[in-house]
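Residue-level listing of the chains:
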Amino acid sequence: MPTVSVGRDRLFEALGSTYTQEEFEDLCFRFGIELDDVTTEKAIVRKEKHLEEESDEDEEVIYKIEVPANRYDLLCLEGLAQALRVFCGKQDIPTYRLSDISKDAMLKMHVKPETSLIRPYVVCAVLRGITLDKARYNSFIDLQDKLHQNICRRRTLVAIGTHDLDKLEGPFTYEALPPSSINFTPLKQEKNFRADELMEFYKSDLKLKKFLHIIEGSPVFPVLYDRKRTVLSLPPIINGAHSAITLETKNVFIECTATDLSKAKIVLNTMVTTFSEYCKNKFIIEPVEVIYSDGRTYIYPDLSVYNMEVNLSYINGLIGVSLEAEEVTRLLNQMQLCAKYSLSGNKDCNIVVSVPPTRSDVLHPCDVMEDVAIAYGFNAIKDKAIVDNKGSKRLAASLTLLPLNELSDLIRTEVAMIGFTEVLTFILCSYKENFAMLNRKDDKSTAVIIGNPRSSDFEAVRTSLMPGMLKTVAHNKDHPKPIKIFEVGDIAFLDDTKDVGARNRRQLAAIYCGANAGFEIIHGLVDRVMEKNGIPFVSPGDGSGYYIEQSEEPEFLPRRQARIICRGKHIGNFGIVHPEVLSNFDIPDPCSFVEINIESFL
């Protein structure tokens, strides 16, 4: 999860209260975030340079606070302080509005058709009358960096440009031109560069070289101009020096170019709502009209509030509490969600939640339920007891384990008692590990492929626990033999019948690696798991129990493998791992492996 570094004293000033470290940790816990570390700027530098100087009492204390990955509004001090003020009842929920100007008076952004070849979308807004100091400026830049790393996926989906509007003249144009046609002076430079020259220049820049691949090789580069053909930015690489923001900037023009329009809207809303607090007219943002070549026009930012109805019994049932509607609405208001309640025709109560533009993470009634649970307090939920008809207390039924999780725990205990050690491997793996290294072919209809993987190690969602288990053995091949490990975890498959297009399945996998293959050890493990689940061994064709039959899976040795058939269904395979597969994972010793679908036992 993202970690936000904020100065303790400035944060406390923004909160209007001073806390001890223990008190602030408690506040963070109650709000659903975590104080991850307490350090100083100089201590961070000393650590990076491996210095052993003693700390200075005058050093500014830095709080490193871990926030949920989908709470983009908490990625800077301003958003964090505002959320905590509302949570503590020190501030009402802000109402964000567009400034009251006519459409003719709005700044215009004209989008050329060529942009569809590389980055087709742009959204814009203006912060008028903003007051910046050094701390606010640094926070403004830091929020952009956090968003670029998070929702913007390292600028591949969205790139943010911020400019001093007083140095520019509208209307603006968003174009896509050949690199040799674009000339400007980039930020922090004094020399004029052609765009293709600039790409070569930044290949030695540690910060910017990792973004060059996004447009490098394209016949056209995206570029934004003002009325005088002054370059605002070459997204997603660098802004122009002419419109650079300083501490004296009073009017900020924000543009976000994107390949994903919905994420661009979220990023723009996050930027303008967070820093409109410093505008002369607080929480008021000036809109910009974006005009496409086909005549379509849009007004950005979109600060509209949308309403969601959530049934009170749904909230209480999932949390395991019995809250009245008034209490639920109060808790939601603490979490920056305006709420009121209404009675439906069948006497049931619905909570009407108004989701503000800052809370892009609220997409489903379960998100509303989660905020109620956070504000109510997880510790209070855990201790909540209800009284049954006989007057005795028992824990709320919703707090019991799901049957699948309860079965998983029982299987873990049993396999561990046999002498196997549990491991936990990544659910993401490389495409090659999931297929070619297991001698398997991709049928293009099974595996969930990651569209924008961070690295080649995380290109697909595993369709088997086998790659992770073999990698674990490979990284521990110097460990005394035999190696006996197991895992109970989820795999995923494409499934058009599901609303998300995929489904999970809980599997048990175990591997034996030693001087010999240990096929009989794995076979014995299969028999033990079946016995503990009350499934008898039967003759082939008998649907009352389980039996094994010969299989032909490419990851196992021919004629040294078997399918497990339980109550007429194929639930798993085991066998001696093929030498080619072992070689692919750099494992010198023979191994036997089993994988079983444990959901079939329910």
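An unreviewed UniProt entry lists the protein chain under the name phenylalanine--tRNA ligase, from Senna tora. Quoted verbatim from the Cofactor (unreviewed entry) field of UniProt, the annotation for the protein chain is "Mg(2+)".

Here we come to the sheet that holds strand β25 (residues 483-494). Pairing in this open sheet of seven strands is mixed, and the strands run β22-β25-β26-β30-β29-β28-β27 from one edge to the other. If you trace the sheet from one side to the other, it starts and ends with β22 (421-422) and β27 (546-550), each paired once. Summarising the sheet, β27 and strand β28 (residues 556-566) pair through five bridges and their orientation is antiparallel. Opposite Tyr-546, over in β28, you have Cys-566 as the bridge partner.

In this section: the packing of aromatic side chains. Applying the stated criterion across every chain, the model contains 18 aromatic pairs. Ring geometry for Tyr-298 against Tyr-300: centres 6.2 Å apart, planes inclined by 25°, an arrangement best described as stacked. Assessed through its relative accessible area of 33%, Tyr-298 is described here as partly exposed. An aromatic cluster of three or more residues is present, and its members are Phe-12, Tyr-19, Phe-24 and Tyr-63. The ring of Tyr-225 carries Arg-229 above its face, with NZ or CZ at 3.7 Å from the centroid.

Time to look at the environment of Val-67. By the secondary structure assignment, Val-67 is in the loop between β3 (61-66) and α4 (77-87). Exposure remark for Val-67: the relative accessible area of 0% places this residue in the buried category. Setting aside its immediate chain neighbours within four residues, Val-67 contacts Met-1, Pro-2, Val-4, Ile-33, Leu-74, Leu-75 and Leu-80.

Secondary-structure assignment places Ser-464 in the loop between β24 (460-461) and α14 (466-475). Ser-464 sits in the buried class, given a relative accessible area of 3%. Separated by 3.0 Å, the side chain of Ser-464 and the backbone nitrogen of Met-466 make a polar contact. At 2.7 Å, the side chain of Ser-464 and the side chain of Glu-595 are in polar contact. Sequence-distant contacts of Ser-464, that is, excluding residues within four places in its chain, are made with Asn-434, Arg-440, Ile-491 and Glu-595.

Glancing now at the domain arrangement of the protein chain. According to the domain assignment, the protein chain contains domain 1 (3-88), domain 2 (97-300), domain 3 (306-380) and domain 4 (403-601). Taking only C-alpha atoms into account, the centre of domain 2 sits 49 Å from that of domain 4.

Next up on the list: the nonpolar core. Among the nonpolar cores identified, the biggest contains 99 residues, and Phe-24, Ile-65, Met-109, Leu-147, Phe-253, Ile-254 and Ile-351 are the most heavily contacted of them. When neighbours within four sequence positions are excluded, Leu-147 is seen to be in contact with Tyr-72, Leu-75, Cys-152, Ile-160, Val-267, Thr-270 and Met-271. Leu-407, Phe-420, Ala-510 and Ile-598 belong to the second-largest nonpolar core, a separate cluster that totals 25 residues.

About the thresholds
Residues numbered from 1 in each chain as written. Predicted model: local features only at pLDDT ≥ 70, side-chain atom pairs only at ≥ 80, totals over all residues. Heavy atoms only, no water. UniProt positions renumbered as here; feature names shortened; annotations may be inferred. Pairing = 2+ DSSP bridges. Helix = DSSP H or I, 4+ residues; strand = E, 2+ residues; numbered from the N terminus. Phe/Tyr/Trp six-rings, centres within 6.5 Å; stacked < 30°, edge-to-face > 60°. Buried < 20%, exposed > 50% of the residue type's maximum accessible area, 1.4 Å probe, protein only. Lys NZ or Arg CZ within 6 Å of the ring centre and 35° of its normal. Contact = heavy atoms within 4.5 Å. Polar contact = N/O pair within 3.5 Å; in protein donor to acceptor, adjacent residues only side chain to side chain. Domains from an automatic or database assignment. Core = buried A, V, L, I, M, F, W, Y, C linked by side-chain atoms within 4.5 Å.

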